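# Observations on chain architecture
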Amino acid sequence: MSKILEVNNLNVAFDTASGEIPAVHDVSFDVNEGEIYGIVGESGSGKSVSMKTIMRLNPSNGRLNSGTVRYKGTDIISLSDAEFLTYRGREFGMIFQDSLTSLNPVYTVGEKLIELIIHIRGIKRKEARVIALEYLNEVGINDAERCFNSYPHELSGGMRQRVMIAMVLVCEPKLIVADEPTTSLDVTIQAQILKLLKKISLEKRVSVILITHDFGAVAQLCGRISVMCGGYIVETGTAEDIFLSPGHPYTKALIASIPSSGREFEALSENDSSTSSDASLCPFLGRCKYANEKCRKSIPEMRDTGSGHSIRCWILYSN
Ligand SMILES: Nc1ncnc2c1ncn2[C@@H]1O[C@H](COP(=O)(O)OP(=O)(O)OP(=O)(O)O)[C@@H](O)[C@H]1O
Ligand SMILES: [Mg+2]
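### Notes on the sheet that holds strand β1 (residues 3–16)
With antiparallel pairing, 4 strands are arranged side by side in an open sheet as β2-β1-β4-β5. Each edge of the sheet is formed by a strand with only one pairing partner; in this case those strands are β2 (19–32) and β5 (74–75). Bridge analysis of β1 against β2 gives 10 bridges, and the strand direction is antiparallel. The partner of Leu5 across the bridge, within β2, is Val31. Of the strands in this sheet, β1, β2 and β4 (62–71) are in contact with helix α1 (residues 47–54), which crosses β1 at around 110 degrees.

### With respect to the nonpolar core
In terms of nonpolar packing, the biggest core is built from 62 residues, with Leu136, Val163, Ile165, Ile176, Leu210, Ile225 and Val227 touching the most fellow members. Here this core takes 8 residues from helix α7 (residues 157–170), the largest share from any one element. Split by domain, this core shows at least three residues from each of two domains, domain 1 (3–91 + 173–318) and domain 2 (99–172). In this structure, Val227 is in contact with Val40, Tyr232, Ile233, Val234, Glu235, Ile242, Tyr250, Thr251 and Leu254, ignoring residues within four places of it in sequence. Membership of the second largest hydrophobic core comes to 31 residues, among which are Val31, Ile54, Leu79 and Ile211.

### A short note on the site of ligand 1
If you check the shell around ligand 1, you find 15 residues, and the closest are Ser43, Gly44, Lys47, Ser48 and Val49. Ser48 places a side-chain nitrogen or oxygen 2.8 Å from an oxygen atom of ligand 1. The separation between an oxygen atom of ligand 1 and a polar side-chain atom of His213 is 3.0 Å. In the complex, 68% of the free accessible area of ligand 1, which totals 640 Å², lies under the protein chains. With 3 residues, the top contributor of residues to the shell around ligand 1 is α1. Classifying every residue of the shell around ligand 1 by side-chain character gives 4 nonpolar, 8 polar and 3 charged.

### Topic: the domain arrangement of the chain
Taken domain by domain, the chain holds domain 1 (3–91 + 173–318) and domain 2 (99–172). Counting residues at the interface gives 15 residues for domain 1 and 13 residues for domain 2. Summing the contributions of domain 1 and of domain 2, the shared interface buries around 1200 Å²; its carbon and sulfur component is 62%. Looking at the side of domain 1 facing domain 2, the largest losses of area belong to Arg90, Pro173 and Leu196, adding up to 37% of the total buried there. Linking Glu138 and Lys204 is a salt bridge whose minimum nitrogen-to-oxygen distance equals 2.9 Å. Joining domain 1 to domain 2, the criterion identifies 5 residue pairs in polar contact (both at pLDDT 80 or more). Here the side of domain 1 that touches domain 2 takes 8 residues from helix α8 (residues 187–204), the largest share from any one element.

Rules of the game
Per-chain numbering applies: the sequence of each chain, read as written, is numbered from 1 onward. Labels are handed out in written order, letters beginning with A for the chains and numbers beginning with 1 for the ligands. Since the coordinates come from a predicted model, pLDDT governs what is reported: local features require at least 70, and pairs of side-chain atoms require 80 or more to be given and counted, while whole-chain, interface and lining totals use all residues. Neither water nor hydrogens contribute to the side-chain values; these are computed over all heavy atoms in the structure. Here, strands pair whenever DSSP counts at least two bridges between them. Secondary structure counts use DSSP, requiring at least four H or I residues in a row for a helix and at least two E residues in a row for a strand, with both numbered from the N terminus. Residue contacts follow a heavy-atom distance rule, with two residues in contact if any of their heavy atoms lie within 4.5 Å. In this analysis an axis means a line fitted to C-alpha atoms, helices contributing only their contacting stretch, and an angle means the value between N-to-C directions, from 0 to 180 degrees. Side-chain atoms within 4.5 Å link the members of a nonpolar core, which is a set of buried Ala, Val, Leu, Ile, Met, Phe, Trp, Tyr and Cys residues. Only protein chains enter the accessibility calculation, which uses a 1.4 Å probe; a residue whose area is less than 20% of its type maximum is buried, one above 50% is exposed, and one in between is partly exposed. For every domain, the bounds stem from an assignment made automatically or drawn from a database. In these notes, residues near a molecule or strand are those with any non-hydrogen atom within 4 Å of it. Polar contact criterion, stated in full: a pair of N or O atoms within 3.5 Å, where within protein one must be able to donate a hydrogen and the other to accept it, and residues adjacent in sequence count only if both atoms are side-chain atoms. Using the Shrake-Rupley algorithm and a 1.4 Å probe, accessible areas are obtained, with residue cover drawn only from the displayed protein chains. We call Asp, Glu, Lys and Arg charged. Ala, Val, Leu, Ile, Met, Phe, Trp, Tyr, Cys and Pro are nonpolar, and the rest, Gly among them, are polar. When two parts are brought into contact, each loses some accessible area as probed by a 1.4 Å sphere; the total of that loss over both is the buried area. Should a side-chain nitrogen of Lys or Arg be within 4 Å of a carboxyl oxygen of Asp or Glu, the pair is scored as a salt bridge.

Next comes the structure, spelled out in structure tokens:
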């Protein structure tokens, strides 16, 4: 299977009035062509910052201190902003939680889609209109004509998210980053949108990075999953590895915290994972009942326990 994205040892910090705050540590993962890759972890664990770093969407006080990112073998970190812009949009598509703020309120869905299609394909307005309606149909909008003539605020949250997906698809990306794409939607609509992402990935061989709190979704959709805690990836494996034989105490606690009646995990404790006092130690240290002397001195590298299941935890290693 060929790798579309290779991320190695990302370290990201924010410059703030009270000094530099590290946010992402030594993050490495790779995504295969056509794969749905899941990133899970509690709030503040660095999921969005990691992806925003790769997509150059961090605010100006965010700084990539070290790390490499290769897209289809090309080092995209060293590209100029102008060169990078040809990737973002064309090769990479992004879907965020709040589509209302991403869609321009003064244009109808149709006007915006037509403008985008003309820009991308350089075709006439009449042809662009036909294509726009095709895309609205493709993302499962039944009354495409009505949606076409609507303003974003006139649509339901689920419809807006479908419109966002249509806009992304128009650009024919090879990689879609979906950061909590269903968080603000009700459960039935969430399932529909996730099913749509799966269909797109399968039919178009598009890779998807799905960031979510929804463990049900990652279990169903994702080939592989990385678990983040306090800016570190602490475990990476297949859905089976993560759910059936989790190795890191944080992953275990996360899975145990999924309420049986619900699909999302609850906060593990009052402690936000970002509040770990020493960034050079395991972010789960203060909450881990297995912590030993080694854990109080340093944090280990990710180590592969075999066949790609890797874990960052001292209790699993004798040295
Ligand atoms: N602009 C910023 N300035 C300073 N720190 C920031 C900034 N943006 C993010 N951070 C810090 O980076 C850390 C990771 O944030 P991030 O948004 O990646 O979390 P997340 O895992 O996406 O959480 P959530 O599930 O709530 O979206 C947090 O501790 C946050 O406080
Ligand atoms: Mg986030």
